[in-house]
Amino acid sequence: MAKPEKKNRPKASAPKGFRDYFGNEVAERGEMLSAIAEVYDRYGFEILESSAIETVEALGKFLPDLERPNEGVFAWHEDEENWLALRYDLTAPLARVYAQYRNNLPAPYRRYAMGPVWRNEKPGPGRYRQFYQCDADTVGSSSSAADAEICAMLSDILEAVGIARGDYVIRINSRKVLNGALESLGLSGDLKARDEILRTIDKFDKIGESGVEELLGSGRLDASGAFIEGVGLEPKQIGGMLALLASRGQSNKETLDNLKSAVGATEAGANGLRELDQISNLLDAQGCGLDRIIIDPGVVRGLGYYTGPVFEAELTFEILDEKGQRRQFGSVAGGGRYDDLVKRFTGQTVPATGISIGVDRLLAALREKGGLGGSKKGPVVVTVMDRDRMADYFKMAGELRSAGVRAEVYLGNPRNFGNQLKYADRRGSPLAVIEGTDEHARGVVQIKDLVYGAEIAKNASHEEWKKRPSQFEVGRNELAEKVKACLNSWSS
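Numbers given for residues are sequential positions, taken from 1 along each chain in its written order. The model is predicted, so local features are restricted to residues of pLDDT at least 70 and side-chain atom pairs to those at 80 or more, both for listing and for counting; the totals for chains, interfaces and linings are taken over all residues. Values reported for side chains reflect all heavy atoms of the structure, with hydrogen atoms and water molecules removed beforehand.

Engineer: What is the right way to read the overall build of the chain from this model?
Structural biologist: Strands here mean DSSP runs of E at least two residues long; helices mean DSSP runs of H or I at least four residues long; both are numbered from the N terminus. A tally of regular secondary structure across the chain gives 18 helices and 18 strands. Taking 492 residues into account, the globule formula puts the C-alpha radius of gyration at 23 Å, and the chain, at 29 Å, lies well above it. Dimensions of the chain, computed from the C-alpha atoms along their principal axes, are close to 90 × 75 × 55 Å. To sort residues, take the accessible area from a 1.4 Å probe on protein chains only and compare it with the maximum for the residue type: under 20% means buried, over 50% means exposed, and anything in between is partly exposed. Per-residue burial over the chain gives 45% buried out of 492 residues. The criterion used for residue contact is that any of the two residues' heavy atoms lie within 4.5 Å. Taking as baseline every contact in the chain between residues at least 6 positions apart, the subset at least 24 positions apart corresponds to 67%. Just so you have it, the chain exposes about 26,600 Å², and 48% of that area is on carbon and sulfur atoms. All radius of gyration figures rest on C-alpha atoms, and the globule criterion is 2.2 Å times the number of residues raised to 0.38. In these tables, accessible area is a Shrake-Rupley quantity obtained with a 1.4 Å probe, and a residue counts as shielded only by the protein chains included in the view.

Engineer: Would you mind showing me how to read unusual backbone geometry here?
Structural biologist: Leaving glycine aside, a negative phi is the common case for residues, and trans is the common case for peptide bonds. Omega for the peptide link from A107 to P108 comes to 0 degrees, which places this bond in the cis form. Turning to its location among the elements, P108 is positioned in the loop between α3 (91-101) and β5 (109-118).

Engineer: Teacher, can you tell me more about the pattern of salt bridges here?
Structural biologist: Side chains carrying opposite charge are able to pair once their charged atoms draw close together. Salt bridge, as used here: a side-chain nitrogen of Lys or Arg that lies within 4 Å of a carboxyl oxygen of Asp or Glu. A complete count under the given rule lists 28 salt bridges for this structure. Between D147 and R337 there is a salt bridge; the shortest N-O distance is 3.2 Å. In this pair, D147 sits in helix α4 (residues 144-161) while R337 sits in strand β12 (residues 326-337), placing the two residues 190 residues apart along the sequence. Of the two residues, D147 and R337, both sit in the buried class. The salt bridge involving R248 is made with D296; its shortest N-O contact spans 3.9 Å.

Engineer: Would you mind going over the confidence of the model for the chain with me for this structure?
Structural biologist: A low pLDDT means the predicted coordinates there should not be read in detail. As a per-residue measure, pLDDT tells how confident the predictor is, with possible values from 0 to 100. Per-residue pLDDT for the chain averages 87, and the proportion of residues at 70 or more is 90%. At the level of individual helices and strands, the chain shows its lowest average pLDDT in helix α17 (residues 462-467), which scores 52, and its highest in strand β1 (residues 46-47), which scores 97.

Engineer: Please clarify how the nonpolar core should be interpreted in this entry.
Structural biologist: Nonpolar side chains in soluble globular proteins tend to end up buried together. By nonpolar core is meant a set of buried Ala, Val, Leu, Ile, Met, Phe, Trp, Tyr and Cys residues that side-chain atoms within 4.5 Å join together. I36, Y40, M153, L244, L283, I357 and L362 are the most contacted members of the largest nonpolar core, which has 68 residues in total. Considering each element in turn, this core owes the most residues, 9 residues, to α4. Excluding its chain neighbours within four sequence positions, the residues that come into contact with Y40 are F45, Y112, M114, C134, D135, A136, M153, I157, I355 and I357. Counting 24 residues, the second largest nonpolar core, distinct from the first, contains Y410, L431, A432 and V433.

Engineer: I'm lost on the environment of M32 in this one. Help?
Structural biologist: With respect to the secondary-structure elements, M32 resides in helix α1 (residues 23-42). Its relative accessible area of 2% is what places M32 among the buried residues. Sequence separation between M32 and K422 is 390 residues; the distance between their C-alpha atoms is 30 Å. In contact with M32, not counting residues within four places along its chain, are V161, V359, L362, L363 and L366.

Engineer: I keep staring at the state of the cysteines and nothing clicks. Help me out?
Structural biologist: The term disulfide refers to a covalent linkage connecting the sulfur atoms of a pair of cysteines. Any pair of cysteine sulfurs within 2.5 Å is marked as a disulfide. Here the structure, examined in full by the defined rule, presents 0 disulfides. Just so you know, C151 is unpaired, no disulfide at all, and the nearest cysteine sulfur is the one on C288, 8.7 Å from it.

Engineer: Before we go on, may I ask you to explain the sheet that holds β12 in this structure?
Structural biologist: Note on pairing: two strands pair once DSSP finds at least 2 bridges between them. Judged by pairing direction, the sheet is mixed, and its 8 strands sit side by side in the order β1-β5-β6-β13-β12-β11-β7-β10 without closing on themselves. Because the sheet does not close on itself, it has two edges, and the strands there are β1 and β10 (293-295). Where β12 and strand β13 (residues 352-358) come together, 5 bridges link them in antiparallel fashion. When the bridges of β13 are listed, R337 appears paired with T353. To get an axis, a line is fitted to the C-alpha atoms, and for a helix only the part in contact is used. The angle between two axes follows their N-to-C directions and goes from 0 to 180 degrees. Contacting β7 (168-174), β10 and β11 (309-320), helix α10 (residues 267-285) runs over the sheet at an angle of about 150 degrees to β7. Here helix α12 (residues 359-369) sits on the sheet in contact with β6 (130-139), β11, β12 and β13, set at roughly 145 degrees to β12.

Engineer: Would you explain the environment of Y338 in this entry?
Structural biologist: Relative to the assigned elements, Y338 resides in the loop between β12 and α11 (343-346). Classification of Y338 as buried rests on a relative accessible area of 4%. Discounting chain neighbours no more than four positions away, the residues touching Y338 are T91, L94, D137, Y305, T307, V350, A352, T353 and G354.

Engineer: Sorry, what's going on with helix α9 (residues 252-263) here?
Structural biologist: Within an α-helix, residues lying three or four positions from one another point in the same direction, as the helix has 3.6 residues per turn. By this rule the span expected of a helix is its residue count minus one, scaled by 1.5 Å. Taking 1.5 Å of rise per residue, the 12 residues of α9 would be expected to cover 16 Å, and the 16 Å separating its terminal C-alpha atoms lies within 8% of that figure. Along α9, the residues that are buried comprise N252, T255, L256, L259, A262 and V263. Down the axis of α9, the smallest arc covering the buried residues is 105 degrees, so these residues share one side. Away from the buried face of α9 by more than 90 degrees, exposed residues K253, K260 and S261 are located. In this description, the arc belongs to the directions extending from the helix axis to the C-beta atoms.

Engineer: Before we go on, may I ask you to explain the packing of aromatic side chains in this structure?
Structural biologist: One pair of aromatic rings is described through two measures. These are the centre distance and the angle between the planes. Only rings of Phe, Tyr and Trp enter the pairing, Trp through its six-membered ring, and a pair is recorded when the two centres are within 6.5 Å. The plane angle decides the type: under 30 degrees is stacked, over 60 is edge-to-face, the rest tilted. Under the defined criterion, the tally for this structure stands at 4 aromatic pairs. Each ring, one from F317 and one from F329, has its centre 5.8 Å from the other, and the planes form 40 degrees; the classification is tilted. Taken together, the residues span a long stretch of sequence, with F317 in strand β11 and F329 in strand β12 at a distance of 12 residues. With a relative accessible area of 9%, F317 lands in the buried category. With relative accessibility at 5%, the residue F329 sits in the buried group. The criterion is that NZ of a Lys, or CZ of an Arg, lies within 6 Å of the ring centre and within 35 degrees of the ring normal, and then a charge sits over that ring. Its end group placed over the ring of F317, K369 keeps NZ or CZ at 4.7 Å from the ring centre.

Engineer: In this structure, what is going on with α10? I would like to understand it.
Structural biologist: Helix length check: α10, at 19 residues, gives a terminal C-alpha distance of 27 Å against a target of 27 Å (1.5 Å per residue), a fit within 8%. Residues of α10 that are buried include every one of G269, G272, L273, E275, L276, I279, S280 and L283, and no others. For α10, the buried positions fall inside an angular range of 165 degrees around the axis, keeping them on one side. Exposed residues on α10 whose side chains face more than 90 degrees from its buried face are E267 and A285. Here a polar contact means two N or O atoms within 3.5 Å. Within protein one must be a hydrogen donor candidate and the other an acceptor candidate, and residues neighboring in sequence count only if both atoms are side-chain atoms. Where α10 starts, the residue carrying a side-chain oxygen 3.3 Å from the main-chain nitrogen of G269 turns out to be T266. In the segment just after α10, G287 is the residue with positive phi, at about 80 degrees.

The following block contains the structure:
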């Protein structure tokens, strides 16, 4: 008789570039997003929850070829004519929503959004294909006040989640200033060369002035010894771009004065400087000084996306990288003005400005600074001493829940009581409730303080233990009251 074919079991692993998030990680993220949402709400922004799936046509940046959409999105054929895709950010869906509902929305429309986005890119260390974003945007206002408000709000958000003043800086520049500088040097005509120049400027913080100078010229050797071909600018043009980067002064006013020579007589440059001056004045009026927000000519952001002011939030405290070397934590949020995105749908320019916060990056920063609320306590565990009395134990758990206490009944094999306490410890439970046959007959329960018990096992003397034992007896009718008192004693 032939042996039955052995079935291949599926491999229990998440797809490459994706990961699972467990209780405490989700709780920390929720705590941080709640603090951010409170600031957004205080500034008058309203939450929007749009679809996670858009048509590829609506997303706009990626279009299908003969067989599949271009690299960058997760997409599939809906029918012969339409492709659908998972959203790759929260801004493209906003443009579609505003265009679709603009007649029913207030003008300007101020919204914030939080949620996962998906990118079909090569994953790497700390780089996932699904990640969270947290955005806020104002659509329908061309005023520099909208840009200033976004920057002030971002500053308040960083402080609200636990980043102290002095540990961050929000840097502002303008694409109009950059375009003006390029135009004054005769570099605005070749779009490919322009983008290469801006990419090189964007590396200033990593490779320094000499590195930028080499890349704007003939090229340079990188850390691995490989030669990177340069842009090939003339020495005068290289000097002009380096002068732009060196324009930052001791005050925003001084920086703006220095930038006048960099942009020359160009209309774009003059408009950009005027907008930055207005933003700076409005931020000063709100108490956002140089200890929070500065004008920095080295900020570039996205190449073809932004049309005016651009912003970047950078954390300035040092951490140890994977090689054990000290470095600044770096950017956790960015954004700017994008006045052409809604135009794809309406045919008319609709001004817009906004920011996007990298949720995972900011969470990592808060963990480095110890700014999160700590591990979330697990539920109070009602242990099972007599499996025939499960109804009594469920009644206890119900009373605790009604009193606002997170609680559960142990549902494993109750035969080994030690395993029940091990389970409670693994769950991070603060307390265990114990009622055996003797306690039930006397109308009492035992409360075991697992947090205090672990602490005294490490530090307390026998005399201290006698003064306050980790396990104590209370009347059955006092259970919820005493449990809440014990939990509250830790937070007071």
